[in-house]
Amino acid sequence: MKGSIEKRGENTWRLRVDLGYNPDGTRNRPSKSITIEDKELLRTTKKLQDYLEDQLYQFKQEVLSGQYIKPSKMTFKQFVDNEWRPKYARSELARTTQKKYDDHIRTRLLPTFGKQLLGDIKPIHVVTFINSLSKSGARKDGKDKPLDSGTIEYVYRILKNILTRAVEWKFIGEHPMKDIPKPKPKDPRKKLIEQRESPQFYDENEAQQVVEALYSESRKWRLFILGSMIGGCRRGELVGLEWPSVNFDDLEIEIENNIPLTENGEAVEKGPKSIASYRVIDMPEWYMDELSLYYQEWQREKESLGTQWQGGDRQFVFHNGTGKPYYYQHPSRWWKRFCERHGIRYIKFHGLRHSMGTLLIEDEDPSNVDSLLKAIQERLGHSRKSTTEDIYVHVTKKVKKRTVGKFDKFARDKKQTPQRMK
């Protein structure tokens with residue numbers, strides 16, 4: 001079976017296989033376009049030719065095995081499974097992002113576009129689909145209300161990513177979403193009302209309630225929850241924390257590992273979220289004293305397990321009882337059940353981490369707020385100070401009003417104060 005490689009553009013080539021003639025007398029010459037983004041490869045003639053020859057060989061095998069599908073006959077699902085996922089998602093997306101993408105592809109995109117031919121997807125199909133997500137009943141959890149605007153925008157991004165690859169790789173000629181704008185975010189006024197009605201953080205009184213209830217739980221879970229509410233640690237950072245990263249002498253915890261996902265029963269380990277997330281967190285002396293007591297319990301537990309210990313040489317601080325790290329979502333589930341048991345207002349686990357900043361700022365002198373935000377940024381591991389400022393804007397506004405309150409001593413008798421205009 002003959003094959004050929006034809007240069008089509010600056011970094012695109014067409015692979016062609018000659019299968020002779022069709023029964024109607026036309027030539028049977030399946031073709032496939034490939035695009036090379038690697039600039040180093042493009043500059044090296046020998047390596048480039050070897051790569052193209054390898055791609056041609058693989059294309060021949062696809063044709064011979066019957067796996068090759070003409071672009072005009074390829075469905076959206078076939079493109080996702082055979083092209084986009086192995087040739088883009090697995091190399092370009094983080095494992096956690098892949099899982100999020102796959103969940104939305106499986107539950108939302110495939111039921112709508114899965115059986116549709118890739119080239120038949122038109123702008124109106126996409127517009128109709130996006131609009132359907134904002135209608136009641138679009139959620140998969142059974143709640144009779146529309147999807148959150150953030151989720152709709154995320155699904156839009158996934159679909160656009162897939163179709164962009166289809167255009168780049170010449171499976172379709174024109175992008176169906178080229179002129180379709182990104183869905184508008186939620187009305188900021190509605191978001192503000194939601195934050196006021198159910199803020200995703202605890203104030204000092206609520207935090208005291210949480211701490212009081214934690215002292216009726218095991219030391220392990222008490223320290224885990226406080227590690228987020230006081231230390232500002234992410235869930236995955238605590239799941240991945242090991243004893244060598246705990247410095248009892250200097251009252252510090254070093255964040256250098258993260259377990260954001262579990263696949264096939266095994267933890268997926270990666271570094272913290274960003275460079276700024278590699279950090280050393282100062283902890284209160286009382287917390288580190290209790291962590292020291294827990295370390296003694298941890299050692300006794302490991303010894304008692306003997307051959308049943310499954311952690312090997314790893315020393316996960318908050319292991320699942322056998323030495324292996326917890327399933328990544330387990331702490332969130334435990335936290336929700338804890339709130340229900342103790343009648344505590346439930347916030348997402350991530351809200352515990354942001355409660356840390358709220359508790360630090362609430363009683364601060366207004367003149368120190370800006371410098372404190374910088375310290376909170378470093379403690380939380382935010383790359384940009386603006387991220388920290390956006391999260392705590394509700395608290396800083398409240399604190400800064402105290403500055404204005406200092407002028408109250410100059411007010412006249414309130415009885416003489418005219419009623420404000422409404």
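Structure: see above.
Below, the structure is looked at part by part. Note that this is a predicted model, so its numbers are computed, not measured.

1. As for the sheet that holds strand S4 (residues 246–247)
One open sheet accounts for 3 strands, arranged S4-S5-S8; its pairing is antiparallel. Each end of this open sheet is capped by a strand with a single partner; those strands are S4 and strand S8 (279–282). Taken together, the 2 bridges between S4 and strand S5 (residues 252–255) define a ladder with antiparallel strand orientation. In the sheet register, Asn247 faces S5, and the bridge partner there is Glu252.

2. A word on the environment of Leu352
You can see Leu352 is positioned in helix H13 (residues 349–362). Since its relative accessible area comes to 0%, Leu352 is described here as buried. Considered as a pair, Leu352 and Ser228 are 124 residues apart in the sequence and their alpha carbons are 5.8 Å apart. Ignoring sequence-local partners within four residues, the contact set of Leu352 consists of Tyr202, Ile225, Ser228, Met229, Trp335 and Ile347.

3. Considerations on the nonpolar core
Tyr202, Tyr287, Phe318, Trp335 and Phe338 are the most contacted members of the largest nonpolar core, which totals 42 residues. When residues no more than four places from it in sequence are discounted, the contact partners of Phe338 are Val210, Ala213, Leu214, Glu217 and Ile344. Residues Leu93, Leu109, Leu163 and Ile180 belong to the second largest nonpolar core, which totals 34 residues.

4. Re the side chain of Gln116
With respect to the helices and strands, the residue Gln116 is situated in the loop between helix H4 (95–113) and helix H5 (123–133). Ignoring anything within four residues of it in the chain, the contact list for Gln116 reads Met74, Thr75, Phe76, Ile121 and His125.

5. Looking at the sheet that holds strand S2 (residues 12–18)
Strand order in the open sheet made by the 3 strands is S1-S2-S3, with antiparallel pairing throughout. Each edge of the open sheet carries a strand with a single partner, namely strand S1 (2–7) and strand S3 (31–35). Mean inter-strand twist for the sheet, computed between neighbouring axes without regard to direction, equals 20°. Inspection of the sheet shows S1 paired to S2 by 6 bridges, in the antiparallel sense.

6. Description of the packing of aromatic side chains
The full count for this structure, using the stated rule, is 25 aromatic pairs. A ring pair is formed by Phe76 and Phe113, whose centres lie 5.8 Å apart and whose planes are at 50°; its orientation type is tilted. With Phe76 in helix H3 (residues 76–92) and Phe113 in helix H4, the pair connects residues that are 37 residues apart, well separated along the chain. Overall, the relative accessible area of 0% leaves Phe113 in the buried class. The lysine or arginine in question, Arg165, covers the ring of Tyr88, its NZ or CZ lying 4.6 Å from the ring centre.

7. Some words on the side chain of Arg279
Within the secondary structure layout, Arg279 lies in strand S8. On the accessibility criterion, Arg279 (6% relative accessible area) is buried. Residues within four places of Arg279 in sequence aside, it is in contact with Gly232, Cys233, Arg234, Glu237, Ile253, Glu254, Ile255, Arg353, Glu378, Arg379, Leu380 and Gly381.

8. Looking at the pairing of S5
Successive side chains on a regular strand alternate, one facing one side of the sheet and the next facing the other. Here S5 shows one buried face, formed by Ile253 and Ile255, and one open face, formed by Glu252 and Glu254. Linking S4 to S5, which pair antiparallel, is a turn of 4 residues; within it Leu251 sits at a positive phi near 55°. Bridge analysis of S5 against S8 gives 4 bridges, and the strand direction is antiparallel. Looking across to S8, one finds that Ile255 is bridged to Arg279.

9. Side note on the environment of Lys122
Along the chain, the position of Lys122 falls in the loop between H4 and H5. With a relative accessible area of 42%, Lys122 lands in the partly exposed category. It is 8.3 Å that separates the C-alpha atoms of Lys122 and Met177, two residues lying 55 residues apart in sequence.

10. Let's talk about the packing of helix H8 (residues 204–214) against helix H12 (residues 330–342)
Across the interface, H8 lies against H12 with an axial gap of 11 Å and an inter-helix angle of 95°. When the interaxial angle is binned, H8 and H12 end up roughly perpendicular. For the pair H8 and H12, the contacting residues are Gln209, Val210, Ala213 and Leu214 in the first and Trp334, Trp335, Phe338 and His342 in the second. Here the contact of H8 with H12 is built from residues that sort into 6 nonpolar, 2 polar and no charged.

11. Considering a nonpolar patch on the surface
Taken together, the side chains of Met1, Leu19 and Leu64 present a nonpolar region at the surface, about 280 Å² in accessible area. Along the polypeptide, Leu19 turns up in the loop between S2 and S3. Under the relative-accessibility criterion, Leu19 is labelled partly exposed at 36%.

12. Focus on the pairing of strand S6 (residues 258–263)
Along S6, 5 of the 6 residues are buried, which leaves the element largely enclosed by surrounding structure. Both S6 and strand S7 (residues 266–270) contribute to a ladder of 4 bridges, which runs antiparallel. Pairing of Glu263 across the sheet is with Glu266, part of S7. Hairpin remark: S6 followed by S7, antiparallel, with 2 residues in the connecting loop; positive phi at Asn264, about 55°.

So, how was this worked out
Residues numbered from 1 in each chain as written. Predicted model: local features only at pLDDT ≥ 70, side-chain atom pairs only at ≥ 80, totals over all residues. Heavy atoms only, no water. Pairing = 2+ DSSP bridges. Helix = DSSP H or I, 4+ residues; strand = E, 2+ residues; numbered from the N terminus. Buried < 20%, exposed > 50% of the residue type's maximum accessible area, 1.4 Å probe, protein only. Contact = heavy atoms within 4.5 Å. Core = buried A, V, L, I, M, F, W, Y, C linked by side-chain atoms within 4.5 Å. Axes fitted to C-alpha atoms, helices over the stretch in contact; angles between N-to-C directions. Phe/Tyr/Trp six-rings, centres within 6.5 Å; stacked < 30°, edge-to-face > 60°. Lys NZ or Arg CZ within 6 Å of the ring centre and 35° of its normal. Parallel < 35°, antiparallel > 145°, perpendicular 65-115°, else oblique. Nonpolar A, V, L, I, M, F, W, Y, C, P; charged D, E, K, R; others polar. Patch = residues over 30% accessible without salt bridge, like charges linked within 9 Å, V, L, I, M, F, W, Y side chains within 5 Å. Areas by Shrake-Rupley, 256 points an atom, 1.4 Å probe, with all protein chains shown as cover. Salt bridge = Lys/Arg side-chain N within 4 Å of Asp/Glu carboxyl O.

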